[in-house]
Amino acid sequence: MSAPFLADAEATADLGARLAATRPERAVVHLQGDLGAGKSTLARALLRALGVTGTIRSPTYTLIERYALPDGEAAHLDLYRLGDAGELDFLGMDELQDAAALWLVEWPERGGAALPAPDLAIHLALEAEGRRAVLKPLSDAGWEWIRRLDGAAGGAAAGISAAT
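Fair warning: this is a prediction, and the values are worked out from it, not measured in the lab.

> Can you help me understand the overall build of the protein in this one?
Scanning the protein from terminus to terminus reveals four helices and seven strands. Ordered by position in the sequence, the α and β elements of the protein form the string β-α-β-α-β-β-α-β-β-β-α. In terms of overall dimensions, the protein is globule-like: its C-alpha atoms have a radius of gyration of 15 Å, near the 15 Å expected for 164 residues. Overall, the C-alpha framework of the protein stretches about 45 × 35 × 35 Å when taken along its three principal axes. Taken across its 164 residues, the protein has 50% of its residues classed as buried. When the accessible surface of the protein is split by element, carbon and sulfur atoms take 51% of a total near 7700 Å².

Right, here's the structure in full:
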């Protein structure tokens, strides 16, 4: 199993841009890793590459930030401060289920069954001066996303491969 090493913020932004360029029409992404591992950096880069302009705020305190995309809507969730998964019931999850074509969920384990099933899990871990990203497809859409990402990046030679 290999996973790309992201030496700096620029490499993380590049991965976000490649994910944006190859994403399926609808997708749920779980962003996992310790505090400071780069989850928000990757989400911000992906959103920017999808055409979001202006400030892209971290949803650390609001829990959910929504962004208009040319082909729909993206939802960026940060559930670190969530006390109980039941709290999501008060945040308009039903409406979000219908509206969001892209979900970027940090700390998804805190959302439990209130979240839609993930298509792709990305685990970021600090390593040396950068971070390592492990991409794990969890649905047919996730596997197709990884295949397109492999093709666009030159495959494993570019450090992209699916973790199984």
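> Before we go on, may I ask you to explain the side chain of Glu65 in this structure?
Mapped onto the elements, Glu65 comes out in strand E3 (residues 64–69). Of note is the side chain of Glu65, whose polar atom sits 3.0 Å from the side chain of Arg57. Each residue touching Glu65, except ones within four places of it in the same chain, is listed here: Arg57, Pro59, Ala74, Ala75 and His76.

> What am I meant to see in the nonpolar core here?
Nonpolar side chains in soluble globular proteins tend to be buried together. Leu19, Leu102, Leu104, Ile122 and Leu135 are the most contacted members of the largest nonpolar core, which totals 28 residues. The dominant element in this core, judged by the number of residues it contributes, is helix H2 (residues 39–49), at four residues. Those residues in contact with Leu19 that sit more than four places away from it in its chain are Leu42, Leu46, Leu120, Ile122, Leu135, Trp145 and Leu149. In this structure, Leu79, Leu82, Leu88 and Val105 belong to the second largest nonpolar core, which totals 15 residues.

> I would appreciate a short explanation of the sheet that holds strand E7 (residues 130–137) in the present structure.
Think of a sheet as strands paired side by side through backbone hydrogen bonds, with each pair either parallel or antiparallel. Ordered by their spatial adjacency, seven strands build an open sheet running E1-E7-E6-E2-E5-E4-E3, and the pairing between neighbours is mixed. With one partner strand each, in any of the chains shown, strand E1 (5–6) and E3 form the two edges of the open sheet. Along the sheet, H2 contacts strand E2 (27–32), E3, strand E4 (72–78), strand E5 (100–106) and strand E6 (120–127); its crossing angle with E5, the most-contacted strand, is approximately 160 degrees.

> I would appreciate a short explanation of the pattern of salt bridges in the present structure.
Think of it this way: side chains of opposite charge can pair up when their charged atoms draw near. In total, this model carries seven salt bridges according to the counting rule given. Here Arg57 makes a salt bridge to Glu65, at a shortest N to O gap of 3.0 Å. With a relative accessible area of 45%, Arg57 lands in the partly exposed category. By relative accessible area, Glu65 is classed as buried at 9%. Measuring nitrogen to oxygen at the nearest pair gives 2.3 Å for the salt bridge that ties Arg66 to Glu73. Look at Arg66 and you get partly exposed, because its relative accessible area is 34%. Overall, Glu73 belongs to the buried group, its relative accessible area being 16%.

Scoring rules and cut-offs
- Residues numbered from 1 in each chain as written.
- Predicted model: local features only at pLDDT ≥ 70, side-chain atom pairs only at ≥ 80, totals over all residues.
- Heavy atoms only, no water.
- Helix = DSSP H or I, 4+ residues; strand = E, 2+ residues; numbered from the N terminus.
- Rg over C-alpha atoms; globule rule 2.2 N^0.38 Å.
- Buried < 20%, exposed > 50% of the residue type's maximum accessible area, 1.4 Å probe, protein only.
- Areas by Shrake-Rupley, 256 points an atom, 1.4 Å probe, with all protein chains shown as cover.
- Polar contact = N/O pair within 3.5 Å; in protein donor to acceptor, adjacent residues only side chain to side chain.
- Contact = heavy atoms within 4.5 Å.
- Core = buried A, V, L, I, M, F, W, Y, C linked by side-chain atoms within 4.5 Å.
- Pairing = 2+ DSSP bridges.
- Axes fitted to C-alpha atoms, helices over the stretch in contact; angles between N-to-C directions.
- Salt bridge = Lys/Arg side-chain N within 4 Å of Asp/Glu carboxyl O.

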